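# Descriptive analysis of the structure
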Amino acid sequence: MTPFRAEVRAWLAANVPAAPLPRVDTPEGDLAHRTWERRLAGAGLAAVCWPAEYGGRAAPPVHAIEFDEEYHAAGAPVRIGQNGLFLLAPTLLTHGTPEQCARILPPMARADEVWAQAWSEPQAGSDLAAIRSRATRADGGWLLSGQKTWSSRAVVADRAFGLFRSAAGERPHQGVTYLMFDLRAPGVTVRPIPQLDGTAGFAEIFLDDVFVPDEDVIGEPGDGWRIAMSTAGHERGLSLRGPGRFLAAADRLVRLTRMTRLSGDEYRDRVADAWIGARAYRAQAYAPTPVPPSATKLFWSELDVALHETALDVLGPLAEISPEWTDGYLFALAGPIYAGTNEIQRDILAKRVLGLPHPTGRTGPPQPPFAAMLHKMFTDRDVTWAALAEAGVTGLIDDGATPADLIMAFEELGHHAVPGPLAESIACVPALDLPAEWRSGLAAGRTVATLAAPPRLPYAAHGDTADLILLVTGEEIRAGRAGAVHESMVAGRRLAEVVPGKVLGSGSSVPKALELGTLACAAQLLGAGRAMLEMSVGYARTRTQFGQPIGAFQAVRHRLADVAVALSFAEPLLHAAAAGLEERDISAAKVACGEAALRAARAALQVHGAIGYTREHGLGRWLTLVRVLHQAWGTPAWHRRRILEAIA
Amino acid sequence: MTSEHAALRDSVRGLVTAHGGDDGLWARLCREIGVAGLTVPERYGGSGAGLTEAMIVLEELGRALIAGPMLGTVLATEALLHAGDDTLLPAVCAGDRIVALAWDSPAPGVFRDVLDLPEADTLLVVTGGNLYEANPSTVTMQPTLDPTRHPASLSVDSLRLIGPGVPVERLRDVACLALAAEQVGAAERALELTVDHVKSRYQFGRPIGSFQVLQHRLAELYVRVEAARSACAVSPAVAKITCSETLRAVAADMVQMHGGLAITWEHHAHLYLRRAWASAELFGSPAHHLARLTATHGSAPVA
Ligand SMILES: Cc1cc2nc3c(=O)[nH]c(=O)nc-3n(C[C@H](O)[C@H](O)[C@H](O)COP(=O)(O)OP(=O)(O)OC[C@H]3O[C@@H](n4cnc5c(N)ncnc54)[C@H](O)[C@@H]3O)c2cc1C
């Protein structure tokens, strides 16, 4: 644990109020939440990443994530200042003047000023650029008129930041100005709107010639749209919703399932999935390459709904009387709507990230050199076992490659749907305690090995052709030979039942070797999934129907966007699993990569239509491979159970 | 649907549209259409139609989220018929008396999911296969997400026997079917309201219903609602599971497609959502019925 995390944990343990505070939308709740924010600010914890002169600690961004995790784990109050702290503040720090930062941020940190966001209007929801509220030039400032709606916290807030039309532009995004105004100023009327949970969580704001001085314009007049999009990035991403909420809720869900032995069993898989989702979101939060905010938003909002729905189902008849879950559920339901609806996020991803329907270049992240070399080699020629040996792939374990290197190679193998007992012969068997000459044979690519290891691997893949067949039970390793051989759905792959031979040894190398095989298989799935996404994107850009590329149709765009999200959140789980080699993390990676790859496969076939169904096209190689690997090296059910046992 | 069925549906819908929120709706439904006696033979004051017809009425009430005494009445008349009663039935069919029936007993002497208790003038209980008239000794209104329906848990004293021979399993089946019909109605109406909304709400200069993703999702919901209606013909447990899940799915998409509007108290979307979650748990959750199904069909247990 970092010293910072320890400090936060200790402070929260000593300070979080024992009883829940009154609702924010009541006068008592308003006061109680502001008092709480003041205590946080007093401890220097209100906004740790801000510069010190504004009330922060200039901490690195990961501290904000650590804080968020601890905050939710401690069950601390909701943050009345959230719109200011998480949306306006990052916007001001990037686009505001030092004078604005110095004037606005300190009282924001102490909750002396609570902020509301005033963007949406009755006619401008998803289509935000359709706003009509106006800012007209006045002496020394601007006069605001119009109507804003759905403004969270506006009932108790002191000030608001909003978008206003200040000039007629050729396109709706032009002539928009970003302004801050006082909710108590003359000409402002705030009308609460009761939410479906009964609270006055948001409000309408009517503006009638409200004066705003020039100093409260953010950026240049007319440049509001560009700046607003940077705020929107914070709203959709980690700033507003760190992993803390989901981790805390997933932990509570696991505890709940253990407690209520009522109906837990039917929901075991969904509980495990909720836990995997929360870990994936966390892993992504700490990952060096961030995913686009739209992907983050899709992921957390759907995870939140799924998590709470699972809890309600587990609780069954008790759900209704468990406000800690029903409140969370109703709150979660709004997630796919605010911060830009999920439909709009899928469209943005499809356009900006996948490049549909206009080509924008490659889709995946830049590749490290080894992977790039493999990629080139696999693209240029047919992959034989000798070629794998030449490239150093078969000798990875013998050369002391790290698990991180291993998954990099296996992603490429999966990406090219390379056939053979890859995880078996390259990742698992070389890690077993076997005679040195066998290992050098494997490393040099002279020997191809496979194994059965029930229950994870009931059959030996490619047992009909492998040079070395093993049977691993518990920690015992035996030689084996192929018994009955079964044809797999993957062309050229055959599964052999293994007839046990003599005992070769036993020992502690076995568990780790099996984990490495599983990890490699997960990486292969991820690579294959990514390949299918790339094929589909390429195809959707060029295939024309109804006079446009099919990638222009929302049904196609959204489906591929969902695949991109699933792959992006499986990847950090895989890396986390490789870093720690913990069983439960490997299981989480295997399940997430498998599900993402399957999703990619279904989408790919659908997008390609009949051509994808032909043998010639080759999509079938990936399609059948992921279907098979998804169940290999431990079925998803087996891995989910292992996770639940590990965290119980 | 036969023309008689369509006529029944239309007349119920007409009354519900005209008098939906009125206290007198139930009396009118009984007097003008005879809904309370649909499952009761003529010699007891009913019309001798059947459960199918009662389900048509329930579907209509479900559409409007009216939780009135129809569902409870179908159950009560079923019990009274088995017990051979001939005094209460005519009054119930005429709409003169409202009877609450307690039959779902999680523990001896305790009943749950008792409907219409506040409106009822008579409480009947089924215990040990016998039907009794009873007085409630303790009553707790069950906490619920759904503001339109208030089931009660209760215990009783001073039982007066009406008659023997009331099978609780049959009551559970009728309850599941009747509730499923309500759920189908609610789901169908929620879908209609959502389709109306996406046709009239403009964003990006077009009705949002012109965007393909919404069209496809609505098309899928339509298929689910129709499948749910068909599921009512399969078995009570299948009906309960399918209709509960369908209503939940439709209500969730209703919320999503209404955007911010759906998150307000005023808009009805949340009432459909609340009905969906609350009704799914009434008379046994979908998971409970699924377990029952797999047990009776001897198929593999749910992993
Ligand atoms: C709890 C909550 C808090 C909020 N807080 C704030 C706040 O503080 N400040 C603020 O300014 N706003 C706030 N909002 C408003 C929020 O930003 C809007 O609700 C959102 O932008 C959607 O707009 P709308 O509700 O008008 O839905 P609409 O735009 O009418 O959309 C309705 C449905 O149509 C779909 N749709 C629309 N266009 C397309 C398309 N091109 N393709 C496919 N589908 C489409 C939408 O995705 C949605 O499902 C809040 C909303 C909620 C629910």
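On a predicted model such as this, the values are computed, not experimentally measured, just so you know.

## Quick notes on the nonpolar core
- By size, the foremost hydrophobic cluster in this structure holds 162 residues, and its most contacted members are Phe410, Leu451, Leu560, Leu574 and Trp633 of chain A.
- No other element matches the 17 residues that helix α17 (residues 509-542) of chain A contributes to this core.
- Aside from chain neighbours lying at most four places away, what touches Trp633 of chain A is Ala423, Glu424, Cys428, Leu451, Arg456, Leu457, Leu514, Gly517, Thr518, Cys521, Lys590 and His639 of chain A.
- Membership of the second largest hydrophobic core comes to 69 residues, among which are Val40, Ala76, Leu123 and Ala152 of chain B.

## Things to note about the sheet that holds strand β2 (residues 104-107) of chain B
Residue and element names in this part refer to chain B.
- Read from one edge of the open sheet, six strands run β1-β4-β5-β6-β3-β2, paired in mixed fashion. Every interior strand has two partners, whereas the edge strands, β1 (99-102) and β2, have only one. For this sheet, the mean angle separating the axes of adjacent strands, direction not counted, is 45°.
- When strand β3 (residues 110-114) meets strand β6 (residues 152-163), the two strands line up antiparallel, connected through three bridges.

## Points about the packing of helix α10 (residues 323-334) of chain A against helix α9 (residues 269-281) of chain B
- Where α10 of chain A meets α9 of chain B, the closest approach of the two axes is 13 Å, and the angle between their N-to-C directions is 135°. One element, α10 of chain A, and the other, α9 of chain B, form an angle in the oblique class. Handedness of the crossing formed by α10 of chain A with α9 of chain B: right-handed. Residues Tyr329, Leu330 and Leu333 of chain A of α10 of chain A form the contact with α9 of chain B, whose participating residues are Leu273, Arg274 and Trp277 of chain B.
- When grouped by side-chain class, the residues that make up the contact of α10 of chain A with α9 of chain B number five nonpolar, no polar and one charged.

## Overview of the environment of Ala175 of chain B
Residue and element names in this part refer to chain B.
- One can find Ala175 in helix α6 (residues 168-200).
- For Ala175, a relative accessible area of 0% translates into the label buried.
- C-alpha separation for the pair Ala175 and Leu131, spaced 44 residues apart in sequence, amounts to 17 Å.

## Quick notes on the UniProt feature "domain: Acyl-CoA dehydrogenase/oxidase N-terminal" (unreviewed entry) in chain B
- The positions UniProt marks with the feature "domain: Acyl-CoA dehydrogenase/oxidase N-terminal" (unreviewed entry) are residues 24-87 of chain B.
- Taken as a whole, residues 24-87 of chain B contains 56% helix and 0% strand, while its terminal C-alpha atoms sit 24 Å from one another.

## Regarding the domain arrangement of chain B
Residue and element names in this part refer to chain B.
- Taken domain by domain, chain B holds domain 1 (3-166) and domain 2 (170-297).
- Averaged C-alpha coordinates put domain 1 and domain 2 at centres separated by 24 Å.
- Taken residue by residue, the interface counts 30 residues in domain 1 and 27 residues in domain 2.
- Buried area between domain 1 and domain 2, summed over both chains or domains, comes out near 2,600 Å², and the portion from carbon and sulfur atoms is 67%.
- Summed over the shared surface of domain 1 and domain 2, the number is seven salt bridges.
- We note a salt bridge from Asp104 to Arg172, for which the minimum N-O separation is 3.8 Å.
- One can count 11 residue pairs in polar contact (both at pLDDT 80 or more) joining domain 1 with domain 2.
- Elements with a minimum of two residues in the side of domain 1 that touches domain 2: α3 (51-63) and α4 (70-83).
- Each residue belonging to the side of domain 1 that touches domain 2 can be placed in one class, and the counts come to 18 nonpolar, four polar and eight charged.

## Some details on the domain arrangement of chain A
Residue and element names in this part refer to chain A.
- Assigned domains within chain A: domain 1 (3-80) and domain 2 (115-236).
- Measuring from the centre of the C-alpha atoms in domain 1 to the corresponding centre in domain 2 gives 27 Å.
- Domain 1 puts eight residues into the contact, and the matching count from domain 2 is six residues.
- Around 580 Å² of area is buried between domain 1 and domain 2 when both sides are counted, 46% of it from carbon and sulfur atoms.

## So, unusual backbone geometry
- Of the consecutive residues Pro454 of chain A and Pro455 of chain A, the connecting peptide bond is found in the cis state with omega at 5°.
- Structurally, the position occupied by Pro455 of chain A is in the loop between β9 (449-452) and β10 (460-461).
- If you check the backbone angles, Asp116 of chain B has positive phi at about 60° while not being a glycine.
- Locating Asp116 of chain B in the fold gives a position in the loop between β3 and β4 (122-127).
- Judged by relative accessible area, Asp116 of chain B falls into the buried class, the value being 8%.
- Positive phi outside glycine occurs at Phe283 of chain B, with the angle close to 60°.
- For Phe283 of chain B, the location among the structural elements is in the loop between α9 and α10 (286-297).

## A look at the UniProt feature "domain: Acyl-CoA dehydrogenase/oxidase C-terminal" (unreviewed entry) in chain B
- UniProt's entry tags residues 177-287 of chain B with the feature "domain: Acyl-CoA dehydrogenase/oxidase C-terminal" (unreviewed entry), counted in the numbering of this structure.
- Structurally, residues 177-287 of chain B is divided into 74% helix and 4% strand, and its ends, taken at the C-alpha atoms, are 16 Å apart.

## Topic: the site of the ligand
- For the ligand, the set of nearby residues contains 29 residues, the closest of which are Ser126, Trp150 and Gln554 of chain A together with Arg201 and Gly260 of chain B.
- Residues close to the ligand are split across chains A and B.
- Here a nitrogen atom of the ligand and a backbone polar atom of Gln117 of chain A are 2.9 Å apart.
- With respect to the ligand, the side chain of Glu343 of chain A contributes an N or O atom lying 2.7 Å from an oxygen atom.
- Protein contacts shield 94% of the accessible area of the ligand, which totals 970 Å² for the unbound molecule.

## Some words on the packing of aromatic side chains
All names here are of chain A.
- Tallied over the full model, the rule gives 18 aromatic pairs over all chains.
- Aromatic side chains Trp115 and Phe161 sit 6.5 Å apart centroid to centroid with 45° between the ring planes, which places their arrangement in the tilted category. Of this pair, Trp115 sits in strand β1 (residues 115-118) while Phe161 is found in strand β4 (residues 159-165), placing the two residues 46 residues apart along the sequence.
- Judged by centre distance (6.1 Å) and plane angle (20°), the rings of Tyr281 and Phe299 are stacked. Note that Tyr281 is positioned in helix α8 (residues 268-286) and Phe299 in helix α9 (residues 293-315), a separation of 18 residues in sequence.
- We classify Tyr281 as buried; its relative accessible area is 1%.
- Note on Phe299: relative accessible area 15%, which makes it buried.
- Aromatic ring contacts, followed pair by pair, group Phe246, Tyr281, Phe299, Trp300, Tyr338 and Phe569 into a single cluster.
- Over the ring of Trp300 we find Lys297; its NZ or CZ atom is 5.9 Å from the centre of that ring.

## As for the interface of chain A and chain B
- Counting residues at the interface gives 40 residues for chain A, matched by 32 residues for chain B.
- Overall, the association of chain A and chain B removes approximately 3,100 Å² of surface from exposure, summing both partners, and the carbon and sulfur fraction of that is 60%.
- Together, Leu196, Glu320 and Ile337 of chain A form the three largest contributors to the area buried by chain A at its contact with chain B, with a combined 23%.
- The interface formed by chain A and chain B holds two salt bridges in total.
- Across the pair Arg248 of chain B and Asp313 of chain A runs a salt bridge whose closest N-O atoms are separated by 3.0 Å.
- Only α9, α10, α11 (342-353) and α18 (554-580) of chain A provide two or more residues apiece to the side of chain A that touches chain B.
- Looking at the side of chain A that touches chain B, its residues break down into 20 nonpolar, 11 polar and nine charged.

## A few points about the environment of His234 of chain A
Residue and element names in this part refer to chain A.
- Take His234: it is sitting in helix α6 (residues 224-236).
- Linking His234 and Thr26, residues 208 residues apart in sequence, is a C-alpha distance of 28 Å.
- Non-local contacts of His234, meaning those with residues more than four positions away in its chain, are made with Phe86, Leu87, Pro90, Thr91, Ser239 and Leu240.

## Here we look at the packing of helix α4 (residues 82-95) of chain A against helix α5 (residues 98-109) of chain A
Residue and element names in this part refer to chain A.
- Contact geometry of α4 with α5 gives a least axis separation of 11 Å together with a crossing angle of 165°. In terms of orientation, α4 and α5 fall into the roughly antiparallel class. Relative to α5, α4 is oriented so that their crossing is left-handed. Residues Gly84, Leu85, Leu88, Ala89, Leu92 and Leu93 of α4 pack against Gln100, Cys101, Ile104, Leu105, Met108 and Ala109 of α5.
- Each residue belonging to the contact of α4 with α5 can be placed in one class, and the counts come to 10 nonpolar, two polar and no charged.

## Remarks on the pairing of strand β5 (residues 176-182) of chain A
All names here are of chain A.
- Taking burial as the measure, the seven residues of β5 include six buried ones, the bulk of the element.
- Looking at chain direction, β4 and β5 are connected through seven bridges and run antiparallel. Bridging across to β5, Leu163 finds its partner in Tyr178.
- Alignment of β5 against strand β8 (residues 217-218), held across two bridges, turns out to be antiparallel. Counted as the bridge partner of Leu179 is Val217 from β8.

The rules behind each value
- Residues numbered from 1 in each chain as written.
- Chains lettered and ligands numbered in written order.
- Predicted model: local features only at pLDDT ≥ 70, side-chain atom pairs only at ≥ 80, totals over all residues.
- Heavy atoms only, no water.
- Core = buried A, V, L, I, M, F, W, Y, C linked by side-chain atoms within 4.5 Å.
- Buried < 20%, exposed > 50% of the residue type's maximum accessible area, 1.4 Å probe, protein only.
- Helix = DSSP H or I, 4+ residues; strand = E, 2+ residues; numbered from the N terminus.
- Contact = heavy atoms within 4.5 Å.
- Pairing = 2+ DSSP bridges.
- Axes fitted to C-alpha atoms, helices over the stretch in contact; angles between N-to-C directions.
- Parallel < 35°, antiparallel > 145°, perpendicular 65-115°, else oblique.
- Left-handed = near helix turned anticlockwise from the far one by under 90°.
- Nonpolar A, V, L, I, M, F, W, Y, C, P; charged D, E, K, R; others polar.
- UniProt positions renumbered as here; feature names shortened; annotations may be inferred.
- Domains from an automatic or database assignment.
- Buried area = accessible area lost by both parts, 1.4 Å probe.
- Salt bridge = Lys/Arg side-chain N within 4 Å of Asp/Glu carboxyl O.
- Polar contact = N/O pair within 3.5 Å; in protein donor to acceptor, adjacent residues only side chain to side chain.
- Near = heavy atom within 4 Å.
- Areas by Shrake-Rupley, 256 points an atom, 1.4 Å probe, with all protein chains shown as cover.
- Phe/Tyr/Trp six-rings, centres within 6.5 Å; stacked < 30°, edge-to-face > 60°.
- Lys NZ or Arg CZ within 6 Å of the ring centre and 35° of its normal.

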